[in-house]
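Spelled out from the first residue to the last, the chains are:
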Amino acid sequence: QVQLVESGGGLVQAGGSLRLSCAASGRTFSIYALGWFRQAPGKEREFVATISRTGSSTYYADSVKGRFTISRDNAKNTVPLQMNSLTPEDTAVYYCAATRSLFDSYINNRAGSYDYWGQGTQVTVSS
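Residues numbered from 1 in each chain as written. Predicted model: local features only at pLDDT ≥ 70, side-chain atom pairs only at ≥ 80, totals over all residues. Heavy atoms only, no water.

A.B. asks: Before we go on, may I ask you to explain the packing of aromatic side chains in this structure?
C.D. replies: A ring pair, where both rings are aromatic, is described by two values, the distance of the centres and the angle of the planes. The tally for this structure, following the rule as stated, stands at six aromatic pairs. Between the aromatic rings of Tyr32 and Tyr116, the centroid separation amounts to 5.9 Å while the plane-to-plane angle is 85 degrees, which identifies the pairing as edge-to-face. With Tyr32 in strand 4 (residues 32-39) and Tyr116 in strand 10 (residues 116-117), the pair connects residues that are 84 residues apart, well separated along the chain. Taking the centre distance of 5.7 Å and the plane angle of 70 degrees together, the rings of Phe37 and Phe47 count as edge-to-face. Pair noted here: Phe37 is in strand 4 and Phe47 is in strand 5 (residues 46-51), with a separation of ten residues, a long-range link. Each member of the pair, Phe37 together with Phe47, is buried. Aromatic ring contacts, followed pair by pair, group Phe37, Phe47, Tyr59, Tyr114 and Trp117 into a single cluster. The ring of Trp117 carries Arg45 above its face, with NZ or CZ at 4.7 Å from the centroid. (Phe/Tyr/Trp six-rings, centres within 6.5 Å; stacked < 30°, edge-to-face > 60°. Helix = DSSP H or I, 4+ residues; strand = E, 2+ residues; numbered from the N terminus. Buried < 20%, exposed > 50% of the residue type's maximum accessible area, 1.4 Å probe, protein only. Lys NZ or Arg CZ within 6 Å of the ring centre and 35° of its normal.)

In structure tokens:
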């Protein structure tokens, strides 16, 4: 199993940038594909980005493509999410999640496929 903790959320003006980080416990971090999701009150949890266990494959939601960048550092057990050109529509609680993977290139954009979740970090973008 793996435990996940998000950090880096806060308040930023439209057009600004923010860097989130997902820190994971355990020595088996490298067997998990990682994903970032977000959720606003009263709305469904939305896929943001995912990265394979080695970092060789990534996938982004159309709404963030070209603005957000997901990466991972398996030596440090972290998965940062760099968010640029933020808009008020990006306001949400951001969650990181992990799913076990047997293949280096495995990625998944379905929330139901992820087994482990962090508690989330709030991102607020003002106009």
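A.B. asks: What is the right way to read the nonpolar core from this model?
C.D. replies: Soluble globular proteins: nonpolar side chains tend toward being buried together. In terms of nonpolar packing, the biggest core is built from 33 residues, with Leu34, Trp36, Leu81, Met83 and Tyr94 touching the most fellow members. With five residues, the single largest contributor to this core is strand 9 (residues 92-100). (Core = buried A, V, L, I, M, F, W, Y, C linked by side-chain atoms within 4.5 Å.)

A.B. asks: When you look at the sheet that holds strand 1 (residues 4-7) in this model, what are you seeing that I'm missing?
C.D. replies: By way of backbone hydrogen bonds, the strands of a sheet pair with one another, either parallel or antiparallel. Pairing is antiparallel in the open sheet, where four strands are placed in the order 1-3-8-7. One side of each edge strand has no neighbouring strand; the edge strands of this open sheet are strand 1 and strand 7 (68-70). Averaged over all pairs of adjacent strands, the angle between strand axes in this sheet comes to 15 degrees, irrespective of strand direction. Bridge count for strand 1 against strand 3 (residues 18-24) is four bridges, and the pairing is antiparallel. Looking at the pairing, Glu6 lines up with Cys22 of strand 3. (Pairing = 2+ DSSP bridges. Axes fitted to C-alpha atoms, helices over the stretch in contact; angles between N-to-C directions.)

A.B. asks: Whenever I open this one, the environment of Glu6 confuses me. Can you help?
C.D. replies: Topologically, Glu6 is positioned in strand 1. We classify Glu6 as buried; its relative accessible area is 9%. Considered as a pair, Glu6 and Glu89 are 83 residues apart in the sequence and their alpha carbons are 20 Å apart. A polar contact is formed between the side chain of Glu6 and the backbone nitrogen of Cys96, at a distance of 2.9 Å. (Polar contact = N/O pair within 3.5 Å; in protein donor to acceptor, adjacent residues only side chain to side chain.)

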